[in-house]
Structure formats: C-alpha cells, structure tokens
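Topology and contacts: notes
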Amino acid sequence: MASSTEKAGKCEKCQTGDVMCRFNDFDRGDLRVMAWEHKCTDCGIRVTQAWRSDQPNAGDTPEGLPTCPWCGRTGKTA
Ligand SMILES: [Zn+2]
Ligand SMILES: [Zn+2]
C-alpha cells in the first residue's frame, strides 16, 4: 500500500494543531481502495473519505490522480 502525508494547514476547530492530509492507495488486483484522511495533530479531529472499486455507486472513479476533497492536493504517492 502506498501512502503520502502532507500538512494541510491549521486546524479550524482548535486553531493550534496542524491538519495532516493523508492519502492511502491500496491495490490488491481485484480491489482498489483510495482513502483520504484529514487529522489534526492536536485535538485529533478526523475526517475520512474512501473510494472502493467494489462500490461502483461510491462516486466517480478517480482515474489517474485523485484530489483531496478538502484541500485539493493530488494523491501522488511517489
Ligand atoms: Zn485541532
Ligand atoms: Zn487534503
């Protein structure tokens, strides 16, 4: 599984912590899972959004490089 993490700015809730934007790309051949997570290093507030290839109604297929639904960065894992 490939993943990448970047800072995505200050937390809106606690105003002091850094929000870390994490992207996970899991490919098992018959199953592809891409998951985004924003988590504050201080207060721990967390939001996640995942896309699974076995759930065709989960939304648009993120072909190529998907973008974070919150900060808009692309999910390159290299
Ligand atoms: Zn916070
Ligand atoms: Zn993000």
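Residues numbered from 1 in each chain as written. Chains lettered and ligands numbered in written order. Predicted model: local features only at pLDDT ≥ 70, side-chain atom pairs only at ≥ 80, totals over all residues.

With antiparallel pairing, four strands are arranged side by side in an open sheet as β1-β2-β3-β4. In the strand order of this sheet, the two ends are held by β1 (2-10) and β4 (46-52), each with one partner. Sheet twist, expressed as the average angle between the axes of neighbouring strands with direction ignored, equals 15 degrees. Note: β1 against strand β2 (residues 18-27), seven bridges, orientation antiparallel. (Pairing = 2+ DSSP bridges. Helix = DSSP H or I, 4+ residues; strand = E, 2+ residues; numbered from the N terminus. Axes fitted to C-alpha atoms, helices over the stretch in contact; angles between N-to-C directions.)

The next subject is the pairing of β2. Two strands pair when backbone bridges link them, and β2 and strand β3 (residues 32-40) are joined in this way by nine bridges, in the antiparallel orientation. From the neighbouring strand, Asp 27 faces β3, where its bridge partner is Arg 32. Counting the residues that bridge the hairpin from β2 to β3 gives four residues, and of these Gly 29 lies at a positive phi of roughly 95 degrees.

The next thing to look at is unusual backbone geometry. Here the phi dihedral of Gln 15 falls at roughly 70 degrees; this positive angle occurs in a residue that is not glycine. Relative to the helices and strands, Gln 15 is located in the loop between β1 and β2. Judged by local crowding, Gln 15 falls into the exposed class, with 9 C-beta atoms found within 10 Å. (Buried ≥ 20, exposed ≤ 12 C-beta atoms within 10 Å, placed from the backbone.)

Moving on, we come to the environment of His 38. Checked against the element boundaries, His 38 lands in strand β3. The class of His 38 is buried, set by 20 C-beta atoms lying within 10 Å. Distance in space between the C-alpha atoms of His 38 and Cys 71 is 9.1 Å, their sequence separation being 33 residues. Sequence-distant contacts of His 38, that is, excluding residues within four places in its chain, are made with Ala 8, Val 19, Cys 21, Arg 46, Val 47 and Trp 70. (Contact = placed C-beta atoms within 7 Å.)

This brings us to the environment of Asp 25. With respect to the helices and strands, Asp 25 occurs in strand β2. Taking the C-beta count within 10 Å as the criterion, Asp 25 has 18 such neighbours and is therefore assigned partly exposed. Residues Asp 25 and Trp 36, spaced eleven residues apart in sequence, show a C-alpha to C-alpha distance of 9.1 Å.

Residue position: Cys 40 is located in strand β3. Owing to 20 C-beta atoms within 10 Å, Cys 40 belongs among the buried residues under this scheme. Sequence-wise, Cys 40 and Gln 15 are 25 residues apart; in three dimensions their C-alpha atoms are separated by 9.9 Å. Residue contacts for Cys 40: discarding those within four places in its chain leaves Cys 11, Lys 13, Cys 14, Gly 17, Val 19 and Ile 45.

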